[in-house]
Structures are given as C-alpha cells and as structure tokens.
Amino acid sequence: RLMDAAEAAAITVAFEDASHRLPAVMAEHGVAIVTGVLGADDIALLESALSDDLAELVDANAIASADSSVRASWERAQAEGLRGWPAASLAACGGRGRLQDRGLPHGRFAWGARMHERTRAVYSVLHGTTDLVSSCDNSFVAPTDHTEAQANKSWPHVDQNDHDERVPCRDW
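Scope of this entry: the structure provided in the associated data block. Counting restarts for each chain: residues are numbered from 1 in the order of the written sequence. Only residues with pLDDT of at least 70 are given local features in this predicted model, and only at 80 or more are side-chain atom pairs given and counted; all residues enter the totals for whole chains, interfaces and linings. Side-chain figures throughout are based on the complete set of non-hydrogen atoms in the structure, without hydrogens or water.

Scanning the protein chain for helices and strands turns up eight helices and four strands. What sets the accessible areas is the Shrake-Rupley method with a 1.4 Å probe; for residues, cover comes only from the shown protein chains. In the structure as shown, the protein chain presents an accessible area of about 11400 Å², 54% of it carried by carbon and sulfur atoms. In this text, helices come from DSSP runs of H or I with a minimum length of four residues, and strands from runs of E with a minimum of two, each type numbered from the N-terminal end.

Here it is, written out as structure tokens:
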C-alpha cells in the first residue's frame, strides 16, 4: 500500500530545515521526502529540458508521412509539452513510467535534476560532504491521463530500505 498522509508527514523535511532535520529523519526512518527543493522556474526549466530530450527522439520525416493520428499526437506533444506526450510513446522510452532507454538517463533533464544546486545540497547533508558522485538512475514520468497509483509493488534490491517492514530486507 502507499503511505497515508500521516506516514508521509513523519518523513517530510522542508529544504530549509534539511541541514538539521534530514539526518535524524533518515536515521529513524531510512527514507525522507524533501520538499521545496525546486521552485516553479526550476520545474519549468526541467520540464522543458525533458520535452527537448524527448523531441530529439522523434523522426520528423516519419511524422510528415505518417497517418493523421500520429501527426495529431505529435502536434499535441509539441503544444502541451510533457503533459501531451502519448503514453505509448513514453512506454517506448522504458517500462512502468521509467525513462531508462534511448539515452534518457544521460539527457538534459536527468543531468539538470542531478546537478541542480539544491539537489546537491540535500545530498551534501545526507553524506556530510560536497564531494559527490552521481548515479545514473532512471527518471520517471506520468502523463496527465495516467491513472494515479493506489498500491505499489515492493521490489527489494540491493539498496532497499532496511526500515521497510513489508519485506524482511534487513535480514538478507
């Protein structure tokens, strides 16, 4: 099941409070939600970067000779930006909402998010250093018409949260 509001509130730290609250929340819960990392301008820039990354994958010549439904989908994506991209096109970039294929883990959006000064500040607090090395994990996306999740499959892996009681990861 997804966290309820009280569970989410217990692990939520405002960016402005991260330097003194984040280490304690992580020590107690093994996970945190840091709010206020990005402002409206930052979000707009990153969404534009992702739209640019996706647009680079489109073959304009193929669009020109495609049927009207394909051309209409492309026009919608151009007009509405990220929110207008067809789910089928996004699925071709990686499964389950992940943008893991076609070079997207190294796109403008992914590196813009990783290298944003406030993102780096959060990780500096977590690790106690400004000497950071970035991973190249996947970005996630959900178009406007995507159904909101009501449950989440637990998928344990090497960096699974030891505080997650649903799966006995700490015993592995």
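Read on for the rest.
Further remarks concern the packing of helix α2 (residues 18-29) against helix α8 (residues 117-127). Each axis is a line fitted through C-alpha atoms, taken for helices only over the stretch in contact, and angles between the N-to-C directions span 0 to 180 degrees. Between α2 and α8, the shortest axis-to-axis distance is 9 Å and the interhelical angle comes to 55 degrees. Viewed along their axes, α2 and α8 adopt a mutual orientation that is oblique. Crossing angle aside, the handedness with which α2 passes α8 is right-handed. Contacts between α2 and α8 involve Ala 18, Ser 19, Leu 22, Pro 23 and Met 26 from the first element and Val 122, Val 125 and Leu 126 from the second. If an angle is under 35 degrees, it is roughly parallel; if it is over 145, roughly antiparallel; if it lies from 65 to 115, roughly perpendicular; otherwise it is oblique. Crossings are classed by handedness, with left-handed meaning an anticlockwise turn of the near helix from the far one by less than a right angle and right-handed meaning a clockwise turn. Every residue pair with non-hydrogen atoms within 4.5 Å of one another is taken to be in contact.

What makes a nonpolar core is a set of buried Ala, Val, Leu, Ile, Met, Phe, Trp, Tyr and Cys residues whose side-chain atoms join them at distances within 4.5 Å. Buried residues are those whose accessible area, probed at 1.4 Å on protein chains only, stays under 20% of the maximum for their type, while exposed residues exceed 50% and partly exposed ones sit between those limits. Formed by 15 residues in total, the largest nonpolar core has its most connected members in Leu 50, Leu 54, Trp 85 and Leu 99. Ranked by the residues each element gives to this core, the list is headed by helix α3 (residues 40-55), at four residues. When residues no more than four places from it in sequence are discounted, the contact partners of Leu 50 are Leu 82, Leu 99 and Phe 109. Core analysis: the next-biggest nonpolar cluster, separate from the first, contains eight residues, Ile 11, Leu 22, Val 25 and Val 122 among them.

With a 1 Å grid laid over protein atoms only, a set of points is called a cavity when a 1.4 Å probe fits there but cannot get out and a pocket when it is open yet has protein on both sides within 12 Å along at least five of seven lines; lining residues have an atom within 4 Å of a point. Grid points are joined across faces, edges and corners, and a volume is the space filled by probe spheres set on the points. The computed volume of the second largest pocket comes to approximately 330 Å³. Lining the second largest pocket are 17 residues; nearest its centre among them are Leu 57, Val 58, Ile 63, Trp 85 and Ser 89. Breaking the lining of the second largest pocket down by element, the ones donating at least two residues are α4 (60-64) and α5 (68-80). Of all the elements, α5 adds the most residues to the lining of the second largest pocket, at five residues. In this classification, Asp, Glu, Lys and Arg are treated as charged, Ala, Val, Leu, Ile, Met, Phe, Trp, Tyr, Cys and Pro as nonpolar, and every other residue, Gly included, as polar. In terms of residue class, the lining of the second largest pocket is made up of twelve nonpolar, three polar and two charged.

A word on the environment of Ile 11. By secondary structure assignment, the location of Ile 11 is in the loop between α1 (5-10) and β1 (12-14). According to the relative accessible area criterion, Ile 11 is buried, its value standing at 4%. Taking the C-alpha atoms as reference points, Ile 11 and Met 26, 15 residues apart in sequence, are found 8.1 Å from one another. Excluding anything up to four places from it in sequence, Ile 11 contacts Met 3, Val 25, His 29, Val 31, Ala 32 and Ile 33.

Positioned with a positive phi, Arg 102 is a non-glycine residue whose angle comes to about 60 degrees. Looking at where Arg 102 falls in the secondary structure, it is placed in the loop between β3 (98-99) and α7 (108-115).

Here we come to α5. Residues three or four positions apart in an α-helix share a direction because the helix packs 3.6 residues into each turn. In a helix, the anticipated span is given by 1.5 Å times the number of residues less one. Its 13 residues give α5 an end-to-end C-alpha distance of 18 Å, which sits within 8% of 18 Å, the value for a rise of 1.5 Å per residue. Immediately downstream of α5, the backbone of Gly 81 shows phi near 70 degrees, a positive value.

Another aspect to go through is the pattern of salt bridges. Any two side chains of opposite charge can pair, so long as their charged atoms come close to each other. Whenever Lys or Arg places a side-chain nitrogen within 4 Å of a carboxyl oxygen from Asp or Glu, that contact is recorded as a salt bridge. If you walk through the whole model with that rule in mind, you get five salt bridges. Measuring nitrogen to oxygen at the nearest pair gives 3.3 Å for the salt bridge that ties Glu 16 to Arg 118. Here the residue Glu 16 occupies a position in the loop between β1 and α2, and Arg 118 occupies one in helix α8, the gap between them amounting to 102 residues. The class of Arg 118 is partly exposed, set by a relative accessible area of 25%. Each of Asp 53, Glu 56 and Arg 108 takes part in a single network of salt bridges with overlapping partners.

On their own, these measurements won't tell you what the molecule is for.
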